[in-house]
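In case you want the letters, here they are:
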Amino acid sequence: MEMKFSGQFEVSPPPEKAFDLLSDPQKFAPLLPTFDSLEMKDANTAVVKVSVGIGKIRGTATTQMTLKEKTAPKHATYVGTGKVMGGAYTMISSYDLEPKGSGTLVKWQGEVQLVGKILSLAGGGLRGYAEQQIQSVVTSLQQAMSPEYQKEAAARKAAQAEKKSSGWMSGLMKKLRKHEESAPAAGATADEAVDAGVLLAGYTGPAMTAADATAVVSEPLHSFARNGDFSAAVTAHQGDKWVHASLSRKEDGRLVRGRGLFVDDYKVAGMLHMGLVRSPYGHARIVRIDTSKAEALPGVVCTLTGKEVAAVANPYMQIGPGEAQNIKDYPMAVDKAIYQGEPVVAVVAENPRIAADAAQLVEVEYEPLPAVTDWQTALEDKSILHPGLGTNHHWHGVYEYGDLDKAFAEAATVIKIGQLDFHRFASTPLETNAVVATWTPFGGVEFFCNNSFPAIVIQMIAPSLNLSIDQIRCKTMDVGGSFGNKIGNYPYMALAALASRKAGGRPVKWVETRTEHMQAGGHGSERAYLDTEVAVDKEGVITAIRAKHIDDCGAYPRYEPLGCVIWSQVLPACYKLRNIRIDFNQVVTNKGPSSPNRGYSRLQQLWFMERVIDICAHELGIPADEMRLRNYIRDFPYTTPNGCVYDSGNYPLLLEKAKELIGWDEWKQKQAAARAEGRWIGIGIGTTLDSGTNNFGQARIVNPYLPFSGNSEVATIKLDLDGTVVVMLGSTPSGQGHETTTAQVVADELGIRPDMVEVRTGFDTTFNSHGGHSGSYASQFAVTGLSAAHGACQKLKKEMKKLAAFALEANEDDLEFGIGQQGPEVRVKGTDRSINYWGLSAMVNINTAGQPPELADVTLNIRHVYRPPFKIPDTDKKFGNLTLTYASQLHIAVVEIDTRTYVPQILAYAAIDDCGSVINPKIVAGQVHGATAHGIGAAMMEAYIYDKEANLLTSTFTDYTPITVMNMPDLAYGDIETPSPFSYNGAKGMGEGGGAPLHTICAAIQDALFDKGVVVHNTFNPPSDIYRLLKNPNRSGFVKVERRAA
Amino acid sequence: MPDAINKVTIDVTVNGRKFRRQVEPRMLLVEFIREELGLTGTHIGCDTSYCGACTVQLDGAPVKSCTMFAVQADGCEVLTVEGLEKDGQLHPLQKSFSEHHGLQCGFCTPGMLMASHALLTDNPHPDRHAIKKAIAGNVCRCTGYQNIIKAVEAVAAGAKE
Amino acid sequence: MYPAPFRYHRPANLKEAILMLSTLGETAKPLAGGQTLIPILKLRMDEPTDLVDIGRLPDLRFAKNEGGWVEIGALSPHGWVARSDIAKAIPIVKDCAGGIADVQVRSRGTIGGSVSAADPNCDWPALLNTLDAEIRCAGPEGDRTIAIGDFITEAYTTALQPGELVTSIRFRTPPPGSGGAYIAYKKAAAAFPVVSVGVQMTVAAGNVCQDVRIALGGSGPKPRRAVQAEAELRGKTLNSQAWQHAADAVAAVAEPTDDVRGSSEFKRQLLRGLLLKAGDTATRRCANATIEGSHVYA
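Residues numbered from 1 in each chain as written. Chains lettered and ligands numbered in written order. Predicted model: local features only at pLDDT ≥ 70, side-chain atom pairs only at ≥ 80, totals over all residues.

S.K.: Explain the sheet that holds strand E29 (residues 757-759) of chain A here, please?
M.R.: Pairing between the strands of a sheet is mediated by backbone hydrogen bonds and can be parallel or antiparallel. All names here are of chain A. Across the sheet, four strands lie side by side as E29-E28-E27-E33; this open sheet has mixed pairing. The outermost strands of the open sheet, each flanked by one partner alone, are E29 and strand E33 (861-866). Each strand of the sheet is rotated relative to its neighbour by a mean of 20°, with strand direction disregarded. By the bridge criterion, three bridges tie strand E28 (residues 725-729) to E29 in an arrangement that is parallel. Counterpart to Val725 in the pairing with E29 is Val757. (Pairing = 2+ DSSP bridges. Helix = DSSP H or I, 4+ residues; strand = E, 2+ residues; numbered from the N terminus. Axes fitted to C-alpha atoms, helices over the stretch in contact; angles between N-to-C directions.)

S.K.: Where do I start with the interface of chain C and chain B in this structure?
M.R.: Interface size is commonly expressed as the accessible area that is lost once the parts come together. Taken together, the contacts link 29 residues of chain C with 26 residues of chain B. Those elements that place two or more of their residues in the side of chain C that touches chain B are strand E1 (7-9), helix H2 (37-42), strand E3 (50-53) and helix H6 (103-108) of chain C. For the side of chain C that touches chain B, the leading source of residues is H6 of chain C, giving five residues. Looking at the side of chain C that touches chain B, its residues break down into 16 nonpolar, six polar and seven charged. (Contact = placed C-beta atoms within 7 Å. Nonpolar A, V, L, I, M, F, W, Y, C, P; charged D, E, K, R; others polar.)

S.K.: In this structure, what is going on with the environment of Arg424 of chain A? I would like to understand it.
M.R.: The residue Arg424 of chain A is located in the loop between strand E16 (420-422) and strand E17 (434-439) in this model. In contact with Arg424 of chain A, not counting residues within four places along its chain, are His523, Gly524, Glu526, Ala943 and Tyr944 of chain A.

S.K.: Teacher, can you tell me more about the interface of chain A and chain B here?
M.R.: Contact residues are listed per partner, giving 58 residues for chain A and 55 residues for chain B. At the level of elements, helix H10 (252-255), helix H18 (514-520), helix H28 (921-940) and helix H29 (957-960) of chain A are the ones that each hand at least two residues to the side of chain A that touches chain B. If you tally residues by element for the side of chain A that touches chain B, the top one is H28 of chain A, at six residues. Grouping the constituent residues of the side of chain A that touches chain B by class yields 20 nonpolar, 23 polar and 15 charged.

S.K.: Please clarify how unusual backbone geometry should be interpreted in this entry.
M.R.: When glycine is set aside, most residues are seen to have a negative phi, and most peptide bonds are trans. Residue and element names in this part refer to chain A. Cis geometry is found at the peptide bond from Glu560 to Pro561, where omega equals 10°. With respect to the helices and strands, the residue Pro561 is situated in the loop between strand E22 (542-552) and helix H19 (563-566). Of note in the backbone geometry, Asn768 takes a positive phi value of approximately 60° without being a glycine. Tracing the chain through its elements places Asn768 in the loop between E29 and helix H26 (784-808). Unlike most non-glycine residues, Leu860 shows phi in positive territory, near 55°. Tracing the sequence through the fold places Leu860 in the loop between helix H27 (837-845) and E33.

In structure tokens:
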């Protein structure tokens, strides 16, 4: 934030005298408001302490103030730099003196540059405060320069002293201040007899007795039946088929009791805590680091700097091609920090409070560098973030399909659209990033973490730490939401590992604070859409689109540039056009690194396409529903221009159902009536896709040298020693109910009840239930995870049959699975001959003698890897099937904008989902609700806003305002099912949701205000922006319609 | 930073059990509950008293335990999510949250339960607006609040019968 | 997020609290409900050496309506005030007290703490300006009563001297025929209000505005009286034209800052809109209508 001020005043002394005061820091500094103390460093430099109170921030600021220019008696310039809590500042103040009559005219100028999270917290109050402070300096200067004032001031001071001494407690206070602890003087009142030492020593409460100190520390854990609540839910279910049952979840039992195990709940003996010192600058060279004061603080075990990290670790693998491979990404800044909040020093201490105290004692000197905060500045390459890359233009590629020239030549109408913008936001899971890392005596590392894509992360961390993958144990348990964001927390895992190593192998816990999360915990990418041109035929069918897209991925690419291809999974969105050309670009800027975020990269493309549809519809006078019906893809499977295969769907039916659900006709009438009254009501439609199960081969489209392709997920299933069915997965669920849906699938396969299936929570490399793609991301579990579980079941059943056939002396074909008197069993059809699971397990594990050799290879411990049938895409043509399934959603919203306050309110909202065959309707509806809330939040409330110095202005929840219940409309929900032909169960991955509310709300606002000349061009539409659009209607000039002669 | 810090002995009743502990004055109530007593159901989701994941009840009133010092709870009764289950029976709200799928990741759930429990104690028959107001200071990132409202409504409806 | 260490004091009575705070000097801070102070301490935006816990001081939680004055004790929590008989009788008090942040914050945060924090965007300062309240304080120099307009001197700054504490807040009992409304615009319950408007008025027969006070929050470094807007209404028949004039005057007098919540220009328009909303509710309440107040969240 930069603030400039100027003014002038007159004083009675001549310039020489005035200059004398101005040019002497020792005389000048005490004039600063709330001046505390001063220490001269040299003749021209003073270290000044002042008390500050800006907004909610109060404390002492230390400024180093140097007289930089001095031309007697005409000019003086001071440059000050300093730190305030949560920020740093530079200020320049200069004074020009000229004679005026017998006195002096002083012209002054002030410039303040402020960085740090202080800006987010103090918000708009800062400017006013700065003005106030500067005014106060000017007043003191003016007064100090006039002799009359000095006399007056002396008199006032004397009067004040007089007044103060008359207070009822003053005598006692004076004494206390002097620490006079002697007996009260003769004549002292009872008040004055108070013992100062006792009064001011602080309250301690009753003495702790030995018994208190040894009392039981913890509330006894009420144990609860493992599946008690789930069993009740299962029992309540009518019927014996479990897939598609709307079961309450197995996970809930522990979670409603507060007995989940999230990373911060996890404790190990000897555990230390890591705190991080982070850069207040968006772009700055690190000049000097002094950790000595921090290390001297009792309870601090060690510190770790970027240079130390770089000495022992390798930079992370880069995904980008060519020069992008030269980007040096360490878990901590080494030579310079390139975003606000980048870790600069780690502090490891006995408890988190000491770690926080010590972090404050670390001294870092920065040299600020010019900040790059938007794609325009980034592309100028005047300030380069990564010297190895040599440019901020991180990726470029052209996606072109069909015959653009022909399509535009033949178009009935060509519509040119101005710049559209997709803003920066993220899903900000309620549990922040966290890890406990332990460097083991054998030179490996153990992680208890909440990363949501651990399989890829261990492949990133191992080479960085010079370890082989088997030396890394990685485990997750309950994860408090991820939405893709937690894929990006691996730098902290590595940092905690290195901290543990330096701390002699003691476990190190790190839990991100919310402010840290907002600054550095993973942002969704911004995208700008330029030069958009749309060819439309005379029926209102879009035949071609061309545009240039620029993605801003923040400071470090990390998972990028995968976003530069992932959007193309949904290249034409739900529409049948065949001619598309997108010139795709990605830049790096001095903002928080991006990470995948619910709907990752696809929702940006889908929003773009929906905006195009609505803008064209409005311009052509075609109703928004009709426009969609004319353009929807209708035949499935459908191969898109870039070779993706949309498995199934029925978009017109979605529209029909959604209209029914919301009461379309009625709302249309109400809208017309309201408009007649001058009210602003709009109805918007958003159709969207949720592509799931990635073909990692698409990575080769951004970098042909990458060795990835296809996808895989793993499930293991075993009969434990007592016959319990135990399933382990490679996924990292964070609320999606994998334990429940897996139990439903396995129960159906084995003919048992879901509460008879034990599904282990979380990912654990020791489970041996993971492959290189394991994790929870990209809407895929219903396909990948459940296919793996299903495949494992088939193999297990085969083994069980083999054993049972021997034990029951029956034919395998005559066997069936079910529940008998003694629990789950395999029996001979139509007989009472059976063997239960305990019996089967015993044959392998306990009671193994006397079996024929053909049973020797039976283990009852199955590992199945599901691999979808993908091919490697054609990287030259950027062509191939990039995703296995395409779930779809259609939302309709009715939005009213208050004509007096410009506040938009959602009057009605409906969402229809199609994710193929549904495994658990309750869970699916819950996912749709959640994705809808994220979308509405992003469209109306949530934005990462940076100023041009790269300060994040929304770095706390209070500023970022994640959507609350007060902001949510009641959602009407419905579904249709078009089973996928590509998954064994007809299911499609779902959960991310495709950002439909963004499309829908933008469409509704535009519908409400189009008559006023408003075209919605940004995903983020808070009341202030709606007001701006209404005051400066953009339609003329923003959209150009060229009608061609027929 | 002051040169010497007084530690303070406090007596706090948590879920019906009395605890006497000596704490640093700066220890937050949420840390006291989580770290001193080992009751980790009460969560921390933000720094600025926005998210409500740390909601507990103090003498029956819902409070954000991250915005209170443990010393301020001296002499008070605290109810946490772990105290809702009685004699092996889940509280109707806990059951209802599960039945109506009012939780996904479960991180906000303890705070949501404690806030809605306080509401129902005070007003057994809240309307939808009152329910929304009662959980307005609790963020859920998973459910879009729809099923949480339904879960509380269902318990309120049950209470009417 | 952990506050820096501090010494903790628990005075037995008001006098002891004042003595402690005066003696310890400016690096000591009073701790009442802590709903403003504790987040600041957690972010280490302030590091007092000593906290004097005044939250347990006796006799400072009360609300009474006696002798033509309404008086509310400084340690009365917002939620408690919202449920008091005072709030029932004077709806604007309920709008404010019952709409501050969320129910959890309202359990702990106190009126005295809030007014002492003097946040330009917060609710009590704006409301107390609307009601022309007086702040009663006790300090080392004795007791005094300060008009709200003089009490808040600048953003986050009050006339309180070191060691001085707010003990209660009082304002004149509104005469019959009075009604008011206080409406804030905020993104969410737990977010700070962006701007707010309080209107308290007395309407005589024939829909004539006998008296009115209008105050604005978030419209400058301290709550701002909209004197001209009041003049547009006082003594006049209340109709939409009068309200439009008042709204124009509100927009003219407000000086909200540009920030991430919007431009100054937008906020002035918003204040205009909020005045019309608040005016509507206040008018109806003057006629004894029961209307539950609600802020605008978006």
